[in-house]
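A closer look at the structure
Given next are the chains, with one letter for each unit.
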Amino acid sequence: MSSTEEPTRGADASDSVLAPPTVAANGGGAMVRLEAVRKSFGTNLVLDGVDLSVDRGQVMVVIGPSGSGKSTLLRCVNLLEPIDSGRVFLEGEEITRKGTNVSSIRQRIGIVFQQFNLFPHLKVMDNVTLAARRIRKLPKKDAEARARVLLARVGLEEKANQYPHQLSGGQQQRVAIARALMMEPHVMLFDEVTSALDPELVGEVLLVMRDLARAGMTMLVVTHEMQFAREVGDHLVFMDEGKIVEQGVPTVVLDQPQEERTKRFLRRSLQLADSLDELHIDDQEGGVE
Ligand code: ADP
Ligand code: MG
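Summarised in this report is the structure supplied together with it. (Residues numbered from 1 in each chain as written. Chains lettered and ligands numbered in written order. Predicted model: local features only at pLDDT ≥ 70, side-chain atom pairs only at ≥ 80, totals over all residues. Heavy atoms only, no water.)

A few words on the site of ligand 1. Around ligand 1 lies a shell formed by Phe41, Asn44, Val46, Pro65, Ser66, Gly67, Ser68, Gly69, Lys70, Ser71 and Thr72. Glycine 69 is positioned with one of its backbone polar atoms (N or O) 3.0 Å from an oxygen atom of ligand 1. In this structure, an oxygen atom belonging to ligand 1 sits 2.9 Å away from a side-chain N or O atom of serine 71. Considering ligand 1 on its own, with 560 Å² of exposed area, one finds that the protein chains cover 59% of that surface. Contributing elements (two or more residues each) for the shell around ligand 1: strand S2 (44-55) and helix H1 (70-77). Counting residues per element, the shell around ligand 1 draws most heavily on H1, which supplies three residues. When its residues are assigned to classes, the shell around ligand 1 shows three nonpolar, seven polar and one charged. (Near = heavy atom within 4 Å. Polar contact = N/O pair within 3.5 Å; in protein donor to acceptor, adjacent residues only side chain to side chain. Areas by Shrake-Rupley, 256 points an atom, 1.4 Å probe, with all protein chains shown as cover. Helix = DSSP H or I, 4+ residues; strand = E, 2+ residues; numbered from the N terminus. Nonpolar A, V, L, I, M, F, W, Y, C, P; charged D, E, K, R; others polar.)

Here the focus is the packing of aromatic side chains. Both the distance between ring centres and the angle between the ring planes are used here to describe each pair of aromatic rings. For the structure on display, the rule yields one aromatic pair. Arranged with centres 5.2 Å apart and planes meeting at 35°, the rings of phenylalanine 238 and phenylalanine 265 form a pair that is tilted. Linking phenylalanine 238 in strand S9 (residues 235-240) with phenylalanine 265 in helix H9 (residues 260-277), this pair joins segments that are 27 residues apart in sequence. Judged on exposure class, the residue phenylalanine 238 and its partner phenylalanine 265 are both buried. (Phe/Tyr/Trp six-rings, centres within 6.5 Å; stacked < 30°, edge-to-face > 60°. Buried < 20%, exposed > 50% of the residue type's maximum accessible area, 1.4 Å probe, protein only.)

Attention shifts here to the side chain of threonine 223. Looking at the element boundaries, threonine 223 is found in the loop between strand S8 (218-222) and helix H7 (226-232). At 2.9 Å, the side chain of threonine 223 forms a polar contact with the backbone nitrogen of glutamate 225. With residues up to four places along the chain from it excluded, the contact list for threonine 223 reads Val61, Val62, Ile63 and Phe228. (Contact = heavy atoms within 4.5 Å.)

Bringing helix H6 (residues 199-214) into the picture now. Helix length check: H6, at 16 residues, gives a terminal C-alpha distance of 24 Å against a target of 22 Å (1.5 Å per residue), a fit within 8%. Among the residues making up H6, those that are buried are Leu201, Val202, Val205, Leu206, Val208, Met209, Leu212 and Ala213. Along H6, the residues classed as buried sweep out an arc of 155° about the axis, all on the same side. When the buried face of H6 is taken as reference, the exposed residues oriented beyond 90 degrees from it are Glu200 and Arg214. The elements touched by buried residues of H6 are strand S3 (59-63), helix H4 (140-153), helix H5 (169-181), strand S7 (187-191), S8 and H7. Once H6 ends, the next one or two residues include glycine 216, with phi positive near 100°. (Expected span 1.5 Å × (residues − 1). Arc of directions from axis to C-beta.)

One way to put it is that helix H3 (residues 124-134) packs onto H4 with a least axis distance of 9 Å and a crossing angle of 125°. With respect to their mutual orientation, H3 and H4 come out oblique. Read as a crossing pair, H3 and H4 show a hand that is right-handed. Every residue of H4 that contacts H3 at Val124, Met125, Asp126, Val128, Thr129 and Arg133 is listed here: Lys140, Ala143, Glu144, Ala147, Arg148 and Leu151. (Axes fitted to C-alpha atoms, helices over the stretch in contact; angles between N-to-C directions. Parallel < 35°, antiparallel > 145°, perpendicular 65-115°, else oblique. Left-handed = near helix turned anticlockwise from the far one by under 90°.)

Another aspect to go through is the sheet that holds strand S4 (residues 85-90). Sheet architecture is open: four strands sit in the order S2-S1-S4-S5, paired in antiparallel fashion. Only two strands of the sheet have a single neighbouring strand rather than two, namely S2 and strand S5 (93-94). Bridge analysis of strand S1 (residues 30-41) against S4 gives five bridges, and the strand direction is antiparallel. Pairing of glutamate 35 across the sheet is with arginine 87, part of S4. (Pairing = 2+ DSSP bridges.)

The next point concerns the nonpolar core. Membership of the largest hydrophobic core comes to 52 residues, with the highest contact counts inside it found for Ile63, Ile177, Met188, Phe190, Met209 and Met219. Of all the elements, H6 adds the most residues to this core, at eight residues. Not counting the four nearest positions on each side in its chain, isoleucine 63 is found in contact with Lys70, Thr223, Met226, Leu236, Val237, Phe238, Met239, Leu254, Phe265 and Leu266. With 30 residues, the next largest nonpolar core counts Leu47, Met60, Val62 and Cys76 among its residues. (Core = buried A, V, L, I, M, F, W, Y, C linked by side-chain atoms within 4.5 Å.)

Note that all results are geometric; they support no functional claim without further evidence.
And the structure:
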């Protein structure tokens, strides 16, 4: 693993993941920490010794080609996948050791996927409150009061009594975010949550995520949205073939990548953007020329 030289940002040099112990000195402490995590599916080595540390209140962005292990990484943090070796810590507690209370750990980790997975037969309000009522045994009245606050926060107060099919994809994804926040997670994981959305709906979801970050939420975000990575990310990790290839301050990694693989990946994403810019969509005809 290599890392780019991070320029010192004020007194913030402690945010280097290479120096997690110093973080405690500023009262933070790592929210999530992975130590030499390895994971294979059969003979396919998917996470090849990943070390990663997300500080409290930090937004960590993970980029990398398809198949590089990004989703598996998030799923291992949330204990949806068992790891083969290494350790995962949540707020200083090792959650990968035997005998941990998986359900109570998962309540501290919110996760949002590309597919929103809302129950189609339940109204927005019931989708948002279901888990809190079932798992946390929150009384209906309290759950609904909290859900209203969260729906307002994602801009969907007036949709509480609608069904998912009556909402746009962007609205459904915002409901999924509100649902995750219901459990009062200490950290939120986002796995390419805008990738399935029509382009015009991406922004509204990114804005909700930005506001969540500004409110101090610790976030681990897998995304292809480089602008989001730049503006909202505190730290960026580039993964390839199960390894962290390069990491650092987002603008530094994106503008001055050091590793050949990072350069190649960024060039390809840029080329795609360029070539798409050359396409013209004729609104009248609805065709692409
Ligand atoms: P990414 O999110 O970066 O696209 P993934 O973590 O989804 O990558 O996948 C990494 C590799 O692990 C891929 O080769 C994928 O086929 C494999 N993989 C992921 N999940 C499973 C699974 N449940 N069973 C077998 N192979 C899997
Ligand atoms: Mg993925």
